[in-house]
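Chain by chain, the residues run as shown.
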Amino acid sequence: MTTLASPSRGTSLWQRWRFHLSALVMIVPIAFTPAFFHENAFFDGRKGLGEREIGEIAVGPWSVRLAEFKVVEPDAEGRAGYAKEFALALCPACVDQVKAAYLRVGKPRNIRTMGALFSGTPYRQTAEMRIPDRTTADDVLWLTLEGWDGALHQATIPIRTASPVTAAWLARRRS
Amino acid sequence: MNARSRCVAALLVALGAVPLFAGSASAHPPFCICKMADATTVRCEGGFADGTGVPGVRLDVIRYDETVALETKFGADSTVSFKRPQGEFYVLFDAGPGQSFDVDYKDIQ
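Residues numbered from 1 in each chain as written. Chains lettered and ligands numbered in written order. Predicted model: local features only at pLDDT ≥ 70, side-chain atom pairs only at ≥ 80, totals over all residues.

1. Quick look at the overall build of chain A
Okay, step 1: Along its length, chain A carries 4 helices and 10 strands.
Okay, step 2: Counted from the first residue to the last, chain A has its helices and strands arranged as α-α-β-β-β-β-β-β-β-β-β-β-α-α.
Okay, step 3: Here chain A has a C-alpha radius of gyration of 25 Å; the compact-globule value for 175 residues is 16 Å, and the former is much larger.
Okay, step 4: With respect to the principal axes defined by its C-alpha atoms, chain A has extents near 95 × 40 × 25 Å.
Okay, step 5: The buried share among the 175 residues of chain A stands at 28%.
Okay, step 6: The long-range fraction of contacts in chain A, counting pairs at least 24 apart against all pairs at least 6 apart in sequence, stands at 53%. (Helix = DSSP H or I, 4+ residues; strand = E, 2+ residues; numbered from the N terminus. Rg over C-alpha atoms; globule rule 2.2 N^0.38 Å. Buried ≥ 20, exposed ≤ 12 C-beta atoms within 10 Å, placed from the backbone. Contact = placed C-beta atoms within 7 Å.)

2. Remarks on the overall build of chain B
Okay, step 1: A tally of helices and strands in chain B yields 1 helix and 7 strands.
Okay, step 2: Reading the helices (α) and strands (β) of chain B from amino to carboxyl end gives α-β-β-β-β-β-β-β.
Okay, step 3: Out of the 109 residues in chain B, the part that is buried amounts to 27%.

3. Things to note about helix α1 (residues 9-31) of chain A
Residues and elements named next belong to chain A.
Okay, step 1: The end-to-end C-alpha distance of α1 is 32 Å, a good match for the 33 Å that 23 residues give at a rise of 1.5 Å each.
Okay, step 2: Its axis deflected by about 50 degrees at tryptophan 17, α1 carries its strongest bend there.
Okay, step 3: The element α1 is barely covered by neighbouring structure, given that only 1 of its 23 residues are classed as buried. (Expected span 1.5 Å × (residues − 1). Bend = angle between axes of the 7 residues up to and from the residue.)

4. Considering the nonpolar core
Okay, step 1: Ranked by size, the top nonpolar core spans 54 residues in total, and within it Val64, Phe86, Leu88, Ala101 and Leu103 of chain A together with Cys32 and Val91 of chain B carry the most contacts.
Okay, step 2: Broken down by element, the residue count for this core peaks at 7 residues, all from strand β4 (residues 82-90) of chain A.
Okay, step 3: Filtering out sequence-adjacent residues up to four positions away, leucine 103 of chain A remains in contact with Phe86, Gly115, Ala116, Ala127, Met129, Leu141 and Leu143 of chain A. (Core = buried A, V, L, I, M, F, W, Y, C linked by C-beta atoms within 7 Å.)

5. Quick look at the sheet that holds strand β5 (residues 79-83) of chain B
Residue and element names in this part refer to chain B.
Okay, step 1: Spatial ordering of the open sheet is given by β1-β2-β5, a layout of 3 strands whose pairing is antiparallel. Among the strands making up the open sheet, the edge pair consists of β1 (30-36) and β5. Neighbour-to-neighbour, the strand axes of this sheet turn through a mean angle of 20 degrees, independent of strand direction. (Pairing = 2+ DSSP bridges. Axes fitted to C-alpha atoms, helices over the stretch in contact; angles between N-to-C directions.)

6. A closer look at the sheet that holds strand β3 (residues 58-63) of chain B
Residue and element names in this part refer to chain B.
Okay, step 1: Sheet architecture is open: 4 strands sit in the order β4-β3-β6-β7, paired in antiparallel fashion. Strands with a single pairing partner mark the edges of an open sheet, and in this sheet they are β4 (68-73) and β7 (100-104). With direction set aside, neighbouring strand axes in the sheet form an average angle of 15 degrees.
Okay, step 2: The pairing of strand β6 (residues 89-94) with β7 spans 5 bridges and is antiparallel. The residue bridging phenylalanine 93 from the neighbouring strand is phenylalanine 101, located in β7.

7. Quick word on unusual backbone geometry
Residue and element names in this part refer to chain B.
Okay, step 1: With a phi close to 70 degrees, glutamate 66 is a non-glycine residue in the positive phi region.
Okay, step 2: Within the secondary structure layout, glutamate 66 lies in the loop between β3 and β4.
Okay, step 3: The exposure class assigned to glutamate 66 is exposed, which follows from the 8 C-beta atoms found within 10 Å.
Okay, step 4: Its identity as a non-glycine residue notwithstanding, serine 78 has a phi of 60 degrees, on the positive side.
Okay, step 5: Among the secondary structure elements, serine 78 is positioned in the loop between β4 and β5.
Okay, step 6: Note on serine 78: 18 C-beta atoms within 10 Å, which makes it partly exposed.

8. Let's talk about the environment of glycine 55 of chain A
Okay, step 1: Within the secondary structure layout, glycine 55 of chain A lies in strand β1 (residues 52-59).
Okay, step 2: A sequence separation of 110 residues divides glycine 55 of chain A from valine 165 of chain A, and the C-alpha atoms of the two residues are 16 Å apart.

Geometry only, nothing functional implied.
Right, dumping it as structure tokens:
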């Protein structure tokens, strides 16, 4: 007569709970589904230009709609410091005239230092703008548009207007 | 399908869903860190946030009146050293439109 060995405690628990565990593994992704569809709609533009629209900004003969891509503090970019992402849409009439858009903190020194270059379609493009160490909440962003004819037009936006969350973050860092 | 197979299949479904909830890809901005190597020499290190080096990429030292004091390039180790110019100037690491990084002389200690 042979005697069956009794299963270990771990094996016993596994045998008892494995079905429930498999059900849990199926349910967890379902719980995240609404967030997934929200993010999906946000990234393809169905939720607007960005999480917080700054408004219409006149830049010389042109205008753009500018938005904070996400209402979050600047991202740490390792040795490159901190950066903040903005989104921009060209006015319908200037889509064919504007070659490039740039954004930076402070006045550009020259044409080679105009800042982060927006990339994407004319209707929704994004740029990750560097936040230099010296930046304060009272500083100003400079938006530069470059036309296909070589013309440059600029506008300024206070950081407090462009991104209150970034201004608060800067004020906190300085204190 | 037995219980073990069901469990493995569920796990694979869950793991497959992970990328759907991952964050968006981010850009890799440039950086240029300049420090005084000794009393007269400035040493700059350039690169991109993802760790990419910049050997051979242009670096200019420009006076406030926009005259170029020095045109040079990063070496194989993505660093470059030069004699500190007199007066007010800035260092410009220029890897192309939207990929430049300027360092003011006041920030070079």
